[in-house]
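Structural overview for review
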Amino acid sequence: MSRLLHTGQVIIDLVMALDTLPASGGDVLARSANFEAGGGFNVMAAARRNGLPVVYLGRHGNGRFGDLARAAMQAEGVEIAQAASPDKDTGLCVSLTEATTERTFISHLGAEGDLSAEDLARVTSQPGDYVYVSGYSLLLDGKAQALLDWVVALPPEISVVFDPGPLVKAPGSALMATLLPRIDIWTSNGPEALAFTGASTLAEALSALQSHLPQDALRVVRDGSNGCWVNAEHVPGFKVKAVDSNGAGDAHAGVFIAGLANGLKPTDAARRANAAAALAVTRWGPATSPGTGEVDALLTE
């Protein structure tokens, strides 16, 4: 049975809702504040809630935030591959959501910022697995090279999924030059695809991505409420009233992979992913992906 092997970072989000961000040096009162597991947890929760077994390959800390991260993963049925790091806690992200649903993040990484070749050597992949690589991981000195060496050595029966995130903005680095030929599935939002390729439209970005990736790689680019693009094919979205966009892209990615693992065609998996992302933005918090039943219900409306 296929699994999702997630190599990214699970951190704890301090999620705060407010009308608008203050000016520098200013002060505002938030309408709500909660600690929630976030980061890579969002993708894993989405995949698990839609029937795909998940293994977290990253590190997690020894402290109150590490305890929260492990409890959240265990509650979702995520298998944890590594023991707790003894000398660091899990990191924290302050996630600020304005009334417009715009998000602002301020992050501090902890134990999840490190991963060694020895850590990864303890992981056994199997044919049909999906290995999820986050662009954030490529920016971490204590993790990037060991992770990249492990990923490029994976057999071709393992599908590599790459999410560049907002901070990986060009294909020209040595790390990206090594990783790009091994990517089977690209998943990003529109602005990330535009920044990475230097294109001015999504159509140009999708074409440019094709030149960087293997010929048969899937290029999934999300376009907000308009849905997403799978290679050159548009898959429409769903009209909902959004209250918080935090975690919607992660819900899309996790449900898309779960759909592929269940044997769906990419466009059918994308339609399920669009439905999941639409439901996610109607809810507050980072890990708001719906489960299979809720996705089915929206698709049949």
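- The name given to the chain in an unreviewed UniProt entry is Sugar kinase, with the source organism recorded as Pseudomonas kairouanensis.

1. Focus on the overall build of the chain
- Secondary structure assignment for the chain yields 10 helices and 13 strands.
- For the chain, whose C-alpha radius of gyration is 18 Å, the value lies close to the compact-globule estimate of 19 Å for 301 residues.
- Nonlocal contacts in the chain, meaning residues at least 24 apart in sequence, comprise 70% of its contacts between residues at least 6 apart.
- Carbon and sulfur atoms make up 53% of the accessible area of the chain, which amounts to about 13000 Å² in all.
- Within the chain, the 32 negative side-chain charges are centred at a point lying 3 Å from the centre of the 21 positive side-chain charges.

2. As for helix H1 (residues 41–49)
- H1 sits mainly inside the fold: seven of its nine residues count as buried.
- Count one or two residues on from H1 and you reach Gly 51, which has phi positive near 90°.

3. Some remarks on the nonpolar core
- In this structure, Leu 4 and Phe 256 are the most contacted members of the largest nonpolar core, which totals 34 residues.
- Not counting residues up to four positions away in its chain, the partners in contact with Phe 256 are Ile 185, Leu 218, Val 220, Pro 266, Ala 269, Ala 270 and Ala 273.
- Core analysis: the second largest hydrophobic core is formed by 33 residues, Phe 196, Ala 199, Leu 202 and Leu 209 among them.

4. With respect to the pairing of strand E2 (residues 10–17)
- The element E2 is extensively covered by neighbouring structure, given that seven of its eight residues are classed as buried.
- Pairing between E2 and strand E6 (residues 92–97): six bridges, direction parallel. Pairing of Val 15 across the sheet is with Ser 95, part of E6.

5. Re the sheet that holds E6
- Sheet architecture is open: four strands sit in the order E3-E2-E6-E7, paired in mixed fashion. Across the chains shown, the open sheet's two edge strands, defined by having one partner strand only, are strand E3 (32–39) and strand E7 (103–108). Each adjacent strand pair in this sheet contributes to an overall mean axis angle of 25°, direction not counted.
- Bridge count for E6 against E7 is six bridges, and the pairing is antiparallel. Bridge pairing links Cys 93 to Ser 107 in E7.
- In the packing of H1 onto the sheet, the strands contacted are E2 and E3, and the crossing angle to E3 comes to about 75°.

6. Some words on the environment of Pro 236
- Position of Pro 236 relative to the elements: it lies in the loop between strand E13 (233–235) and helix H8 (248–261).
- Sequence separation between Pro 236 and Ala 270 is 34 residues, and the spatial gap between their C-alpha atoms is 9.2 Å.
- Contact partners of Pro 236, with chain neighbours within four places excluded, come to Asn 226, Gly 227 and Asn 274.

7. Focus: the UniProt feature "domain: Carbohydrate kinase PfkB" (unreviewed entry) in the chain
- The sites that UniProt annotates as "domain: Carbohydrate kinase PfkB" (unreviewed entry) are residues 3–289.
- Across residues 3–289, helical content stands at 31% and strand content at 22%; the span's end C-alpha atoms are separated by 18 Å.

8. Concerning the environment of Asp 244
- One can find Asp 244 in the loop between E13 and H8.
- Looking at Asp 244, the relative accessible area reads 0%, which means it is buried.
- Distance in space between the C-alpha atoms of Asp 244 and Ser 289 is 12 Å, their sequence separation being 45 residues.
- Ignoring any residue separated from it by four or fewer positions in sequence, one finds Asp 244 in contact with Thr 97, Thr 101, Arg 103, Ala 280, Val 281, Arg 283, Trp 284 and Gly 285.

9. Observations concerning the side chain of Asp 163
- With respect to the helices, strands and loops of the structure, Asp 163 is situated in strand E9 (residues 159–163).
- Despite its burial, Asp 163 pairs with no opposite charge, the nearest such side chain being Arg 222 at 5.3 Å.
- In this structure, Asp 163 is in contact with Tyr 132, Val 133, Ser 134, Gly 135, Thr 187, Glu 192 and Asp 250, ignoring residues within four places of it in sequence.

10. Things to note about the packing of helix H9 (residues 266–280) against helix H10 (residues 292–300)
- Two numbers describe how H9 lies on H10: the axes approach to 9 Å, and their chain directions differ by 100°. Here H9 is positioned roughly perpendicular relative to H10, judged by the angle of their axes. Within the contact between the two elements, H9 uses Arg 271, Arg 272, Ala 275, Ala 276, Ala 278 and Leu 279 and H10 uses Thr 292, Glu 294, Val 295, Asp 296, Leu 298 and Leu 299.
- The residue makeup of the contact of H9 with H10, split by class, is seven nonpolar, one polar and four charged.

11. Overview of the packing of aromatic side chains
- Summed over all chains, the structure comprises three aromatic pairs.
- With centroids separated by 5.9 Å and ring planes inclined at 40°, the aromatic side chains of Phe 35 and Phe 65 adopt a geometry described as tilted. Residue Phe 35 is found in strand E3, and its partner Phe 65 is found in helix H2 (residues 64–76); the two are separated by 30 residues along the sequence.
- You can call Phe 35 partly exposed: its relative accessible area is 41%.
- Phe 65 sits in the buried class, given a relative accessible area of 13%.
- Relative to Trp 186, the ring of Phe 162 has its centre 5.8 Å away and its plane inclined at 65°; by these criteria the two rings are edge-to-face. Here Phe 162, found in strand E9, pairs with Trp 186, found in strand E10 (residues 185–189); they are 24 residues apart in sequence, far enough to count as distant. For the pair shown, Phe 162 and Trp 186 are each scored as buried.
- Three or more aromatic residues joined by ring pairs form one cluster here, namely Phe 162, Trp 186 and Phe 196.

Analysis parameters
- Residues numbered from 1 in each chain as written.
- Predicted model: local features only at pLDDT ≥ 70, side-chain atom pairs only at ≥ 80, totals over all residues.
- Heavy atoms only, no water.
- Helix = DSSP H or I, 4+ residues; strand = E, 2+ residues; numbered from the N terminus.
- Rg over C-alpha atoms; globule rule 2.2 N^0.38 Å.
- Contact = heavy atoms within 4.5 Å.
- Areas by Shrake-Rupley, 256 points an atom, 1.4 Å probe, with all protein chains shown as cover.
- Lys, Arg positive; Asp, Glu negative; His and termini not counted.
- Charge placed at Lys NZ, Arg CZ, Asp CG, Glu CD.
- Buried < 20%, exposed > 50% of the residue type's maximum accessible area, 1.4 Å probe, protein only.
- Core = buried A, V, L, I, M, F, W, Y, C linked by side-chain atoms within 4.5 Å.
- Pairing = 2+ DSSP bridges.
- Axes fitted to C-alpha atoms, helices over the stretch in contact; angles between N-to-C directions.
- UniProt positions renumbered as here; feature names shortened; annotations may be inferred.
- Salt bridge = Lys/Arg side-chain N within 4 Å of Asp/Glu carboxyl O.
- Parallel < 35°, antiparallel > 145°, perpendicular 65-115°, else oblique.
- Nonpolar A, V, L, I, M, F, W, Y, C, P; charged D, E, K, R; others polar.
- Phe/Tyr/Trp six-rings, centres within 6.5 Å; stacked < 30°, edge-to-face > 60°.

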